[in-house]
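# Structural features, examined
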Amino acid sequence: MECNNDNDDVHWRVIIITCTSTKVREALEQECKRLSAGGLLPKHEFMYVVNDPRLEDECSLTYTGETDGVGSGGATINAILVAIERLSANHNHTTVNSELVYNSRILVVHHGRTLVHSPGGSAFIHIDASQSYIPPKLRIAPPTLLQNSIWMATMVAAQSDCGVWVVSVDSHLTYSPTLKSPKTSGLNGALICSVSSHVEHAQHHGVVFSHTDTVEKIQYRTPYEQLKETFPTNYAPVISGLVFLSASLTERLLGLHMLTPLDRCTYYGTDSGIPPLQMSLYFDLLAPLCSGVEENAYLSGFYGAGYAKSAHFNAHTQQESRMARLQIWKLLHGLKAHHHSLDGVVHHYISSDLSFEKSIRSLFPAKEGGSLTSGLYIEGTINTKEVRIADSWIGKDLTVNCSTACSLSGFHLPHENGTLDFSDEFIWQCYPQNENSVVVCYGENDILTRHYGETDVTVFNKVFSLFAERTHIRVTDIWPNTEKQHCTMLNAKLYCSDLSLKEQVAMLTYMKDAITDDKSQQYWLSKIEEWRSMARVSLYEATKTCNIFKLMTNREMVHLATVKQFIHATSDQVGGKSLLPLFQYVASRDHKYVTEVINAIHGELRVPRASTARLLANAADLLGCMAAGKGGLRSGPAGNPQWKNPLVKLKAGNQREAVDQMISICQDWISLDHPDYLIRAARHLERASQIVISREVETAQKNVKIPWELSELKQKMEIGEWVEAHCPARLDLAGGWSDTPPVCYEQGGAVLNVAVKVNGQKPMGARMRFVPEFHIICTLQDWSGGDLVLTWTELEQLCDYDNPVAQGALVKAVLVYCHVLDLSSDDSLASQLEKRYGGGIEIVVWSRLPKGSGLGGSSLLAGTLVATIAVLIGHPPPQHNSIIHATLVIEQWLTTGGGWQDQVGGLVGGAKLGVSHKGTPLTVTTYKLPISQEFISTLNSHLLLLYTGKVRLARNLLQTVIRNWYARDKIVTECFSRLPKVALKASEAMLSGSIMDLGSCIDEYWNLKKKVAPGCEPEKVSDLMSCLREHCFGMSLAGAGGGGYLYALKGKPDHLPSHIDLGDLSCDLVEIDEQGIEMIRNGDKLTHDMGDAIILSNEALAELLQLMQ
């Protein structure tokens, strides 16, 4: 495995999470599965959750403050052993292979001790998404402290070598945009990350003393005066909980599991029946790496004594600890500990030994309900704005009253009714149990682990003596069977577990209000005997018996409700944020979850709205996410018989009935539980989306001024007289893709292009005449010289005009659009031809360009045919604007779904800027650039046109691009925003006559096209462009890319330097065509002016630039 990953692509070989009990491990495994399957974690190959070694699983329901675990150091050694052992097995090794540490990046996450301030513990705390390290695109579910810790470590580790990073969820580091990733190249030892903190805070934590970047020592709870003297700025580097262990150090730490008594830090010791040994990561494992640490002081435990006491390490293992430190010193002394400061970060320590206010209050989300990341769903009423509430569902029939600021969490009350009253600055939490839930309440400044006998210990923010005096609660009431030294408020049996939730809240309200209010005291005293007789639990018991799986289920239900609410709230938005990460997460849940979301989308689709196409595409994306890369490509056929009826209904405008039928089919196909059906359903939903897009594009018909059905054809051509149209190709110089529906009317677009002759001729054309026989004969002339002759005698032969791969489909679509024939008429084809024209029609269509040239062939042929038919049946040559908009509609009927730039580029001569603004009816305005003959000559001498020999179909790329547009892919949407601006910038270059600036715009345009449609630059083309780069001002593949023609603006006129070898590629002569489409009637050129473009002035360009900002 290569470890030199870049900043955006950190890949963990193993993420391993340590925890204190089997119950917590099982919950964490489910949580990790949820996060991994939903794509909410960094890339990783393996993820494990392991218990810290201990002889017996935690089972005591009394908080004693003591621990029989292995400490952070022991847990780290055990985690490294498990990770390398499992990697060894994965590589088919029969023993632990320590060399694997040199090509592995491993993340160890310590879950830490039990936290009572949040149901579920520290790993499950929901934090403010905007202040997390989770990438914005993945903020689609409430972020947990565990998830954020992993992402924070990933960001810091972006530039590190192979080795082990260790992080703990006992610490929370706030988000900092200035945070830098340290480089660890050449490091042989440890890199300790610190946070600059005020000495008031630092005096309670471990502080790094260093010289330059080398750590001299780490000292726990350094006296305040010493800190002020050592750090005159009053800011000291506090250990952050994040440390890097180099591969060489990791290998040595791995070796510790073979040494006595350090084997007791690992599951090897547990499985040998030996009690665990507690070691600190910083004060036992890393202290020997510090330059100022003396051996004897280290061996005696001097450096870690304060921490060991604070962490309640077992005092009966001092001799074993000294032996362990001796082994550690021998193995690790000589390696170096280095120091890195995490700039801009604030350190928060999370512990039950601190009050709620000092521990996690700052993490508590203060969000309104409905946000995908709030973990809160509010249907009912909350009568205060000051409340902090998380992980809760307030049902529609429930009113929550809070007189002053308080914090609520865990109240899952979708079906509760009536009123709940919470008052004062208290913490209210609901802990789900196997049968019911326990409501707890305490003061935000209460330190729950302190003994009630201490003078300033508080209960409900009041001193214990006042609480006992006012409530008449005796010590034996709340600590009936507890040893005196363990009589803390954490063990106080205050909470009645058998009451209903409302009754529990009421009972606690009476109790706490009795402390300060005489009326409440009287009521409480009337209830105290009832309270004494009830089954009661302590906060610690509620924490230890909390059903974390029920907690997670409740959270999932809240999130599902917010997803459905989000879909409803954003249903009218045409743009918005990307929903793909959300759908990937939804798809990772069970089918019921997916069904609920699809039903939510279904509900919004039943009402026609501007966002209908986007919603259908969203539903397709959700099914695509469920398929998870299986079941085939997203693009494919969408004409299954089961879908025919709803698609026809949708096309006819019966959206409600069509959507009902489509979603019903979707549900049936989802129930088959096979990715093939998911992908096929997604294709049909995309087809439905395309039908809606077509409906919007067809509003362009309002701009077509050709009265196709005339009562009398006064200038109809005689039988045998030819009408011809010849059309140049087009080169798109900037802005292409922004003309594509739906982008062109949802955002607006602008494209600069020029009409060109290729090899001295207009390459596209058509001619038509009436013939005596009552049929239609169509000759399609291939660019290679082959002709295909088609004869149509029946109307049914024209009905496949909407199948773009059918022979002559383009000609058929134009005939139907121009009302040459009526496919719904009872009259036969021959009868209609006879009645309308007195003869049949012969059509010849040609293109001198290869298929997939990128020069606008199919759209220009459509426009050429429209112009030819118009003249054939008696109209004067139509205006460019009418042909442009008519071609847009025809391409929708043909289902190729193209934009408008091709017909603007070729039908109108010279250089022109096409613009469509946001909204419908879709209207394209053409601005002709008044460039001089001198500049035209300059362009002609600098233009290069090469055929790459690779064929591509724009349709194949188009489907993917539209899919990404509706998925709101950030790169794609940003590119679409820039494309019109580049077109205007290029127009400015043309007006000023700067070929260098124009070349620069073409290069910028090509780079944007490559981002819009990844894969549009084949390797062969990349090599060719590299060869040409230093000899050209700019270059691009024409059209959508992927193949076809490459054009460039050469740095010097005329020929390329002789040493450039183009191999077998053909170089075609290209020149600007100033006339555009030309019409010929019976051998004579028609002089009728078809032009209706606006001349682009500098003032008009400036106005457009302002509109595009």
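For the structure given in this document, a descriptive report is provided here.

Right, let's talk about the packing of helix H26 (residues 809-817) against helix H28 (residues 857-872) for a bit. The contact between H26 and H28 brings their axes to 10 Å, and the two run at 40°. Taken together, the axes of H26 and H28 are oblique relative to one another. The two elements H26 and H28 meet at a crossing, and its hand is right-handed. Contacts between H26 and H28 involve Leu810, Val811, Val814 and Leu815 from the former and Ser858, Leu861, Ala862, Leu865, Val866 and Ile869 from the latter. Classifying every residue of the contact of H26 with H28 by side-chain character gives nine nonpolar, one polar and no charged.

The next thing to look at is the sheet that holds strand S36 (residues 1032-1037). Ordered by their spatial adjacency, four strands build an open sheet running S36-S37-S35-S38, and the pairing between neighbours is antiparallel. Single-partner strands in this sheet number two, and they are S36 and strand S38 (1066-1068). Between one strand and the next, the sheet's axes are offset by a mean angle of 25°, whatever the strand orientation. Of the pairings in the sheet, the one linking S36 to strand S37 (residues 1045-1050) comprises five bridges and is antiparallel in character. Bridged to Leu1037 within S37 is Leu1046. The sheet contacts of helix H35 (residues 1019-1028) involve strand S35 (943-947), S36 and S37, and relative to S36 the element is tilted by about 170°.

Attention now goes to the sheet that holds strand S12 (residues 376-378). An order of S12-S15-S18 is seen for the three strands of this open sheet, with the pairing classed as parallel. Whereas interior strands pair on both sides, the edge strands pair on one side only; in this sheet they are S12 and strand S18 (412-413). Bridge count for strand S15 (residues 392-394) against S18 is two bridges, and the pairing is parallel. Opposite Trp393, over in S18, you have His412 as the bridge partner. Contacts from helix H18 (residues 548-569) reach S12, S15 and S18 within the one sheet, and its direction differs from that of S12 by about 60°.

Under the counting rule described, the total for this entry stands at 26 aromatic pairs. Judged by centre distance (5.3 Å) and plane angle (85°), the ring pair of Trp965 and Phe976 falls under edge-to-face. With Trp965 in helix H32 (residues 954-966) and Phe976 in helix H33 (residues 970-992), this residue pair connects regions lying eleven residues apart in the sequence. Considered together, Trp965 and Phe976 belong to a single accessibility category, that of buried residues. For the cation-ring pair, Arg767 lies above Trp722, with the distance from its terminal atom to the ring centre recorded as 5.3 Å. Residue placement shows Arg968 over the ring face of Trp965; its charged tip is 4.5 Å from the ring centre.

Our next topic: the pairing of strand S8 (residues 214-220). Examined bridge by bridge, strand S7 (residues 206-211) and S8 share six bridges and lie antiparallel to one another. Of the residues in S8, the one forming a bridge with Phe209 is Lys217. In textbook terms, the turn of a hairpin is the stretch between consecutive antiparallel strands, and for S7 and S8 this stretch comprises two residues, one of which, Thr212, has a positive phi near 55°.

This next bit is on the pattern of salt bridges. Within this structure, the stated rule accounts for 37 salt bridges. Salt-bridge contacts for Arg470 lead to Asp518; the nearest nitrogen and oxygen are separated by 2.8 Å. Of this pair, Arg470 sits in helix H13 (residues 464-471) while Asp518 sits in helix H16 (residues 518-533); the two residues are 48 residues apart in sequence, bridging distant segments of the chain. The exposure class assigned to Arg470 is buried, which follows from its relative accessible area of 15%. The exposure class assigned to Asp518 is exposed, which follows from its relative accessible area of 51%.

In this fold, Asp902 is placed in helix H30 (residues 901-907). The exposure class of Asp902 is buried, given its relative accessible area of 15%. For Asp902 and Ile884, which are 18 residues apart along the polypeptide, the C-alpha to C-alpha distance reads 8.8 Å. Setting aside residues no more than four positions away along its own chain, Asp902 makes contact with Arg730, Gly856, Ser859 and Leu860.

A word on the pairing of strand S9 (residues 235-246). Burial of S9 is extensive: eleven of the twelve residues sit out of reach of the surface. For strand S4 (residues 163-168) and S9, the ladder comprises four bridges, and the chain directions are antiparallel. In the strand pairing of S9, Val166 is matched with Val243.

Each value, and the rule that gives it
Residues numbered from 1 in each chain as written. Predicted model: local features only at pLDDT ≥ 70, side-chain atom pairs only at ≥ 80, totals over all residues. Heavy atoms only, no water. Axes fitted to C-alpha atoms, helices over the stretch in contact; angles between N-to-C directions. Helix = DSSP H or I, 4+ residues; strand = E, 2+ residues; numbered from the N terminus. Parallel < 35°, antiparallel > 145°, perpendicular 65-115°, else oblique. Left-handed = near helix turned anticlockwise from the far one by under 90°. Contact = heavy atoms within 4.5 Å. Nonpolar A, V, L, I, M, F, W, Y, C, P; charged D, E, K, R; others polar. Pairing = 2+ DSSP bridges. Phe/Tyr/Trp six-rings, centres within 6.5 Å; stacked < 30°, edge-to-face > 60°. Buried < 20%, exposed > 50% of the residue type's maximum accessible area, 1.4 Å probe, protein only. Lys NZ or Arg CZ within 6 Å of the ring centre and 35° of its normal. Salt bridge = Lys/Arg side-chain N within 4 Å of Asp/Glu carboxyl O.

Scope: geometric values only; no functional claims are made or implied.
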